[in-house]
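Residue-level listing of the chains:
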Amino acid sequence: MNNTIRFFIALALFSLTVSGCRSAVATTTEVVAVQSSTVPVAPTDAAWDEVPEHPARLLLQDLVEPRLMQASTAEVRVRAITNGSEVGFRLEWDDKSKNDLPGPARFLDACAVQVPVKLESNVPDPQMGGEGKTVEITYWRADWQASVDGRPDSLKEMYPNASVDGYPFEAQSLEKGSAAQQEMATRYAPARALGNRRTGLRETPVEDLIADGPGSLSPAPTANGAAGSKGKGVKSDKGWSVVITRKLPNGLTPGGRTQVAFAVWEGGHNETGSRKMRTGWVPLLMKPMKGAEAK
Amino acid sequence: MARVHNWQLGREMSYWYPESRPNKQFAAVFDTNKCIACQTCTLACKTTWTSGLGQEYMLWNNVETKPYGFYPLAWDLKLLEMLDGQKWSEQEYEGQKLHTYEGQTIFESAPAGERVLGWRPEDIDYAYPNVGEDDCAGQVDGGASFSLQHMAQHMAWFYYLARICNHCTYPACLASCPRGSIYKRPEDGIVLVDQGRCRGYQECVKGCPYKKVFYNAMTGTSEKCIACFPKIEQGIQPQCFENCIGKIRLAGFINTPDKAQADNPIDYLVHIRKVALPLFPQLGLEPNVYYIPPIHVPHSFTKQMFGPGVDDAVKTYRNAPNDPDLQGLLALFGSSEQMMTRWRRQGEFVSGMRDDGSEVVRVPIKEPVHVRQPYDRLYQITRTNCP
């Protein structure tokens, strides 16, 4: 066998191997939520390998000031699993840098999933809805994930060599853990006093929000109807893999359809708030159970 | 963008929101010539408002030495470099000089995709609050301090610039916030960040040219000078005013020039005598802290910092010893912790009053001089000047 023939045989074997690998990742033109008894919380759960992937192209948020003028993350790869009451989305995107420490001029890796609050043919604006066209958003952030994973809520995490003489809430006259001490601690932290905990210790890395257009983002009502979302993100050398699980969008049943949109913030690119990469609406199909599909 | 009137520019300008002036506008006059940079104001503010976690680096009030002092680093130079052609034109009208800004404001020169022209300091930029302190411009050669010629020309100079939030009429922080978390109170024009609404995007930090909004990494929200509004609501001047040992500050309320009242101390100094000037008016925010400019600093520097009225302001201030009204009003600075929204001079005394005309304080324009005799007859002892 001469070298030329050897080369072509090797090339053919290599091509087969590559195409074989690719065939395991079935891509779809819409997000297909596959039925399963459980929605895995871990982004690395093997169950995610069994469901098709939708590569959603990300666009610049360039409609509302302040805009993102330079594109960063090109696409977010989305897979979805539903158990009939919840739907989990696994979002993966390439990101070499991990940005999970807040600070002046430091921004955080984050992602979000958005669905319309109502199932109707006239969908809201994909950029956070509009007046009377509310959207529900579940937002995940890397520093919240770090907090959930056990990072202490301390200035030393940002500035290891910081030395502070003292804080008023550390005064000797205040008994540790007492109501008076808590009052003193929140006296200098008005956002915390108001329950607006943007940073600090957290029980969940996600937050449920609603919006009626750009600039109107606010916490989702906590009474009946709260999405009660969960999430978990892990960072590899390649990028982020984040699972966001929320209750099924209102009125959505197996076999039904709605729209979903995604956004990704690359902290290393100073992306925050309206400076983000986002998708338009992507059709979301709640794939019926195998038996139901035949009907 | 809307079209609004900015009297400090002498023209209309573009702003993110339509003109909506508050019922009253908090304002202040700082006399730079009296500041000794003791930083008592800085500490008064620090201990009152920013002693918490995440606020370690924050100075809502700071005093920096010009030309080489900055907090944060090069806050003004960086923006001035970005802002082209800060030209003013001058016209005479009924014996008054009228100045019009011919350049672009930070709103008008906002790049595509931005609400204002700005830049965002990094944490390292806040690491040198005392940079340039007491450093003078120019080289001081050996023996220069004995040279009359050098002294007359002020070859070497510096001055102290005390700074708080300017509670601007057209705040860039407010315009920058994409979710309306910053508001201007209609009752007194004080600009506040709604700590329940802020999501810590830091757009306001980038937008404010004076860099008086700070991101708190431990709360995840941005915070700023609140003009001690709980004190203002009780008719008391803010902490940095009350504690100023150099008595350089006077807090009050300002009217627009067409409604200026001679018995309003701020109106008198800003609109009528034009001795107190805004800080970087060309940026277009209509800032409401007014400075009596330093009298010994080269015109080219102070004109860029305080606008084209600087020469006349210095001239008026230098003449204060022959100007009983101006001298009298300046004596009122630091004479009471209470707000004095009206004033009057009667002979050798000047009174500060409340809105209803009731007197807060009456002070002599010239302090009486007491000469201590070197020999104390009562105790039959020679006094010494030893401390």
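For every chain, the first residue of the written sequence is number 1, and numbering continues from 1 along that sequence. Think of it this way: whatever chain is written first is A, whatever ligand is written first is 1, and the rest follow in order. Note on the predicted model: pLDDT of at least 70 is required for a residue's local features to be given, and 80 or more for side-chain atom pairs to be given and counted; whole-chain, interface and lining totals, by contrast, use all residues.

A few points about the overall build of chain B
Working step 1: Strands are runs of DSSP state E lasting at least 2 residues, helices are runs of H or I lasting at least 4, and numbering of each runs from the N terminus. Check the secondary structure of chain B and you find 11 helices and 19 strands.
Working step 2: Computation of the radius of gyration draws on C-alpha atoms alone. For the globule rule, the value is 2.2 Å times the number of residues to the power 0.38. Taking 21 Å as the expected radius of gyration for a compact globule of 387 residues, we find that chain B reaches 22 Å, a close match to that expectation.
Working step 3: The principal-axis extent of the C-alpha atoms belonging to chain B is close to 80 × 55 × 50 Å.
Working step 4: With C-beta atoms placed from the backbone, a residue is buried if 20 or more other C-beta atoms are within 10 Å of its own, exposed if 12 or fewer are, and partly exposed between those counts. Considering chain B as a whole, with its 387 residues, one finds that 49% of them fall into the buried category.

Section: helix α9 (residues 299-306) of chain B
All names here are of chain B.
Working step 1: All of the buried residues along α9 are Thr302, Met305 and Phe306. Buried residues of α9 fall within an arc of 75 degrees about the axis and therefore sit on the same side.
Working step 2: Against the buried residues of α9 lie β13 (277-278), β14 (289-292) and α10 (310-318).
Working step 3: Downstream of α9 by a residue or two, glycine 307 has a phi angle that is positive, lying close to 95 degrees. In this description, the arc belongs to the directions extending from the helix axis to the C-beta atoms. Here contacts are defined at the residue level, using C-beta atoms placed from the backbone and a cut-off of 7 Å between them.

Quick word on unusual backbone geometry
Working step 1: Cis geometry is adopted by the peptide bond preceding proline 66 of chain A, which originates at glutamate 65 of chain A and carries an omega value of -5 degrees.
Working step 2: Structurally, proline 66 of chain A is set in the loop between β3 (59-60) and β4 (75-82).
Working step 3: Proline 67 of chain B follows lysine 66 of chain B through a cis peptide bond whose omega is 20 degrees.
Working step 4: For proline 67 of chain B, the location among the structural elements is in the loop between β4 (62-66) and α2 (75-82).
Working step 5: A positive phi angle, close to 60 degrees, is found at asparagine 270 of chain A, a residue other than glycine.
Working step 6: Structurally, the position occupied by asparagine 270 of chain A is in the loop between β12 (257-265) and β13 (277-278).
Working step 7: Even without being a glycine, alanine 37 of chain B presents a positive backbone phi close to 55 degrees.

A few points about the interface of chain B and chain A
Working step 1: Each side of the interface is counted separately: chain B has 31 residues, and chain A has 29 residues.
Working step 2: Tallied by class, the residues present in the side of chain B that touches chain A amount to 10 nonpolar, 12 polar and 9 charged. Classes in brief: Ala, Val, Leu, Ile, Met, Phe, Trp, Tyr, Cys and Pro nonpolar; Asp, Glu, Lys and Arg charged; the others, Gly included, polar.

A short note on the confidence of the model for chain A
Working step 1: Summary of the metric used: pLDDT quantifies the predictor's per-residue confidence within the range 0 to 100. Across chain A, pLDDT averages 90, with 88% of residues at or above 70.
Working step 2: The low-confidence segment residues 13-23 of chain A (pLDDT under 50) makes 0 contacts with residues lying over four places distant or belonging to another chain.

Digging into the sheet that holds strand β15 (residues 342-346) of chain B
Residues and elements named next belong to chain B.
Working step 1: Whether two strands pair depends on DSSP finding at least two bridges between them. Ordered in space as β15-β16-β17, the 3 strands form an open sheet in which the pairing is antiparallel. Two strands bound the open sheet, and with one partner strand each, they are β15 and β17 (359-364). Within the sheet, the average angular offset between the axes of one strand and its neighbour, ignoring direction, is 20 degrees.
Working step 2: As paired elements, strand β16 (residues 349-353) and β17 share 5 bridges and run antiparallel to each other. Residue pairing in the sheet places valine 350 in a bridge with valine 363 of β17. To get an axis, a line is fitted to the C-alpha atoms, and for a helix only the part in contact is used. The angle between two axes follows their N-to-C directions and goes from 0 to 180 degrees.

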